[in-house]
Amino acid sequence: MKYAGAAGALLAMLAAGAIAASATRTEANNGNLVMEDVPPIPANIVDDLVRYQNVRSASFEGWKEDGSGVLIRTRFADVDQLHRVDAPGGARRQLTYYGEPVGSVASQPKGDKILFTRDAGGSEFAQIFVLDPATGGATMLTDGESRNGAVVWDREGRRMAYQSTARNGASNDVWLMDPENPETAEIIVASDDGTWWGPAEFSAKGNRLLATNYVSITDSRVHLVDLDSGSVTLLAGGPDNVSTNYPVAFDDGNDGYWLITSQGSEFQRLAWQPAEPGADVEVVTGDIEWDVSGAVISRDRKRMAFAVNENGRSAIYLLDPRTREYRLVDNIPTGVAGRMEFSPDGQKLAMTLNTATSPSDTFVLETGPRALDYGALTRWTFSEVGGLDTSTFREPGLISYPTFDTVGGQPREIPAWIYKPAGKGPFPVVISIHGGPEAQSRPWFSSTYQMWLAKLGVAIVVPNVRGSAGYGKTYLGLDNGFKREDSVKDIGALLDWIESQPDLDQDRVAVFGGSYGGYMVLASAVHYSDRLSAAVDIVGISSFVTFLENTQDYRRDLRRVEYGDERDPDMRAHLEKISPLNNVEKISVPMFVVQGENDPRVPVTEATQMVAALREKGNTVWYMNALNEGHGYRKKENRDIYQQATVLFLRQHLVGED
């Protein structure tokens with residue numbers, strides 16, 4: 001049975017509705033969470049998981065203007081809100097109180113106002129608000145309908161640049177606004193080709209702006225916007241120099257700028273370039289054969305810091321912009337670093353750090369009188385872990401396994417992280433596949449993984465199949481277009497590797513993943529149902545054609561670059577051929593499908609049409625849909641029940657326990 005195009009999606013919805021009428025349906029959380037054929041959650045599972053579901057994190061979001069404290073995002077109720085911490089280990093003082101989570105945050109230079117974004121129901125149509133910490137009041141600056149983000153203050157704290165779809169609902173333009181007078185908002189860069197534009201940094205005088213034009217994961221460009229004349233000048237990248245280029249900041253003379261670029265390399269490197277068209281790029285980190293994942297500069301332009309993704313782990317370096325010398329910071333815990341920012345006086349560097357056995361928290365590194373000097377690293381927040389004994393948390397090991405094709409005459413190796421529970425195997429296995437597809441599984445802390453290890457006794461393998469970021473641009477492009485199913489073959493090769501491991505149970509293997517990872521779950525079920533025991537698909541793509549036709553306008557062309565253009569007859573035929581929805585007859589594994597009703601990326605129809613097709617075939621399908629969520633569950637009350645149901649599903653269909 002096949003569903004194609006908008007008409008097919010409509011038929012699928014009608015079919016889903018008809019079949020849902022005969023399914024066992026329950027509701028929770030005031031009717032916001034709808035479940036079909038999901039059995040009642042036993043009380044012992046609820047009790048077992050409660051502590052794992054009360055793990056918190058505290059991500060760094062910015063400095064107070066006087067440098068006396070930091071802003072963090074953390075959750076004390078149902079969703080993340082903005083808090084202030086004034087000293088290491090100090091109390092977290094809540095600044096925002098909403099039923100929806102706070103998104104990105106930008107503190108005002110030379111002032112105390114705070115810009116933040118917030119959407120409704122997971123729609124991702126975020127609005128920009130300005131918060132006055134003195135009164136606690138917040139005012140919405142944008143129109144309440146468009147999608148807005150990527151907010152950047154000018155250096156005086158008077159104007160902001162941001163990305164918005166306000167012009168027509170589809171184009172990703174760059175706008176300029178005085179937050180004191182929102183009616184002054186105006187477009188400074190108009191995008192009419194389906195690509196994404198966003199601001200990076202203002203010049204010292206505020207008359208120029210560095211901007212990013214994102215075309216695809218391997219094609220991004222740096223432009224210089226003259227705010228007086230309105231001219232937009234290409235500085236790096238472009239059709240004749242396809243590469244990734246992300247602006248970081250102007251230098252101290254504002255005659256050049258720092259950028260992260262893949263020009264001439266497999267990897268993204270930190271570089272400097274004069275701020276003029278056609279100028280050569282000066283690569284600074286050419287001897288580091290990994291991606292530079294982020295960089296920041298101090299306000300006085302005297303020092304920089306950058307992060308390197310070394311096979312998934314973060315290394316932090318300090319750099320002297322004048323001499324181009326850099327130095328590894330050797331007192332950073334092994335893990336993954338998030339947002340970094342120098343304090344206003346440049347004497348401290350704050351960051352979010354996450355390790356395999358501890359959730360994200362805010363840390364501050366003391367810096368010295370010279371650009372490469374540093375001192376102690378101090379932990380400012382201590383997030384609760386539900387009273388759990390963190391010494392029992394399991395750390396992952398890094399492995400690689402051979403796949404079907406070769407490099408230099410040898411089998412290509414696929415990197416993966418593996419977590420193993422205490423005790424002796426053979427253990428049931430969950431293969432957890434990341435989304436993106438241009439993402440990377442890294443050794444982050446996961447309360448979900450720790451919960452599965454302790455309560456289900458399963459091993460968890462987290463592969464970075466071809467198409468994953470972090471391993472060079474050749475590897476990144478190995479799954480593009482007509483090569484899409486080569487990444488699915490990497491899962492087949494992983495199943496072969498599991499068979500060769502005496503402490504892993506080849507007869508009890510499940511696949512789990514969200515978004516593109518959800519497509520990988522469905523595709524794995526198409527090709528390897530006879531080797532799988534269970535599958536969990538979260539907001540996954542079931543048909544590339546209906547997905548591309550129904551995803552939001554502002555992102556459709558961006559996704560066509562990765563998946564292929566469904567308007568091309570040959571590509572459409574290929575996408576129809578490989579879509580799981582059109583291969584349901586090959587799926588025989590029990591399936592748990594999880595969706596958010598307001599998902600702007602992977603529309604709810606991708607789930608309903610798959611559930612309908614599987615049920616028509618007589619397959620075992622559990623279905624969960626949160627009516628107040630989007631692309632994944634952000635509200636704790638929904639996430640808790642989803643996690644409990646997942647444990648029940650894996651217990652019944654993977655582990656073999658009732």
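Only a predicted model underlies this, so the values are computations on that prediction, with no experimental measurement involved. (Residues numbered from 1 in each chain as written. Predicted model: local features only at pLDDT ≥ 70, side-chain atom pairs only at ≥ 80, totals over all residues. Heavy atoms only, no water.)

S.K.: When you look at the packing of helix α3 (residues 447-455) against helix α11 (residues 636-655) in this model, what are you seeing that I'm missing?
M.R.: Axes are the key here: two packed helices are described by the angle between their axes and the distance separating the axes. It is the contact of α3 with α11, at a shortest axis distance of 12 Å, that shows an interaxial angle of 35°. The handedness of the crossing between α3 and α11 is right-handed. For the pair formed by α3 and α11, the contact residues are T448, M451 and W452 on the first element and Q643, T646, V647 and L650 on the second. (Axes fitted to C-alpha atoms, helices over the stretch in contact; angles between N-to-C directions. Helix = DSSP H or I, 4+ residues; strand = E, 2+ residues; numbered from the N terminus. Left-handed = near helix turned anticlockwise from the far one by under 90°. Contact = heavy atoms within 4.5 Å.)

S.K.: Which parts of the structure should I look at to understand the confidence of the model for the protein?
M.R.: The predicted coordinates ought not to be read in detail in places where the model reports low pLDDT. Overall, the predicted model of the protein reaches an average pLDDT of 93, with 97% of residues at or above 70. Note on residues 1-16: pLDDT under 50 across the span, and 34 contacts to partners over four residues away in sequence or across chains. (pLDDT = per-residue confidence, 0-100.)

S.K.: Could you clarify how one ought to interpret the side chain of D537 in this entry?
M.R.: Position of D537 relative to the elements: it lies in strand β36 (residues 534-538). The contacts of D537, once residues within four sequence positions are left out, are G513, G518, V521, L522, M591, F592, V593 and V594.

S.K.: For this particular structure, what's the right way to read the sheet that holds strand β15 (residues 196-202)?
M.R.: By definition, the strands of a sheet pair up through backbone hydrogen bonds, in either a parallel or an antiparallel sense. Ordered in space as β15-β16-β17-β18, the four strands form an open sheet in which the pairing is antiparallel. Both outer strands of the open sheet, β15 and β18 (232-236), are each paired with one neighbouring strand and no more. Within the sheet, the average angular offset between the axes of one strand and its neighbour, ignoring direction, is 30°. Direction of pairing for strand β17 (residues 219-226) relative to β18: antiparallel, over a ladder of four bridges. Paired with V222 across the strands is A236, a residue of β18. (Pairing = 2+ DSSP bridges.)

S.K.: How should unusual backbone geometry be read in this particular structure?
M.R.: Between G425 and P426 the backbone carries a cis peptide bond, its omega angle lying at 5°. Summarising the element assignment, P426 is placed in the loop between β32 (410-419) and β33 (427-433). Note the cis peptide between G436 and P437, where omega equals 0°. Along the polypeptide, P437 turns up in the loop between β33 and α3. For K110, which is not a glycine, the phi torsion comes out positive at approximately 55°.

S.K.: Can you walk me through the sheet that holds strand β6 (residues 93-94) in this structure?
M.R.: Pairing is antiparallel across the open sheet formed by four strands, whose spatial order is β3-β4-β5-β6. Unpaired on one side and paired on the other, β3 (59-63) and β6 mark the two borders of the sheet. Bridge count for β3 against strand β4 (residues 70-74) is four bridges, and the pairing is antiparallel. The partner of W63 across the bridge, within β4, is V70.

S.K.: Is there a simple way to explain helix α10 (residues 604-616) in this structure?
M.R.: Because an α-helix packs 3.6 residues into every turn, residues spaced three or four apart end up facing the same way. With 13 residues, α10 extends 18 Å from end C-alpha to end C-alpha; this agrees with the ideal 18 Å at 1.5 Å per step. With twelve of 13 residues buried, α10 lies mostly within the body of the structure. Downstream of α10 by a residue or two, G618 has a phi angle that is positive, lying close to 90°. (Expected span 1.5 Å × (residues − 1). Buried < 20%, exposed > 50% of the residue type's maximum accessible area, 1.4 Å probe, protein only.)

S.K.: Teacher, can you tell me more about the environment of V521 here?
M.R.: For V521, the position within the fold is in helix α6 (residues 516-528). With 59 residues separating them along the chain, V521 and P580 place their C-alpha atoms 9.5 Å apart. Here V521 is in contact with V511, F512, G513, A535, V536, D537 and M591, once residues within four sequence places are set aside.

S.K.: Help me out: how do you make sense of the pairing of strand β25 (residues 313-319) in this one?
M.R.: The side chains of a regular strand alternate, residue by residue, between the two faces of the sheet. Counting buried residues along β25, six of its seven residues qualify, which places the element largely inside the surrounding structure. Bridge count between strand β24 (residues 304-310) and β25: seven bridges; the pairing is antiparallel. Bridging from a neighbouring strand, F306 pairs with Y317 of β25. Here β24 folds back onto β25 in antiparallel fashion, the turn holding two residues, of which N311 has a positive phi close to 55°. Bridge count for β25 against strand β26 (residues 326-328) is three bridges, and the pairing is antiparallel. In the sheet register, L318 faces β26, and the bridge partner there is R327. Here β25 folds back onto β26 in antiparallel fashion, the turn holding six residues, of which R324 has a positive phi close to 70°.

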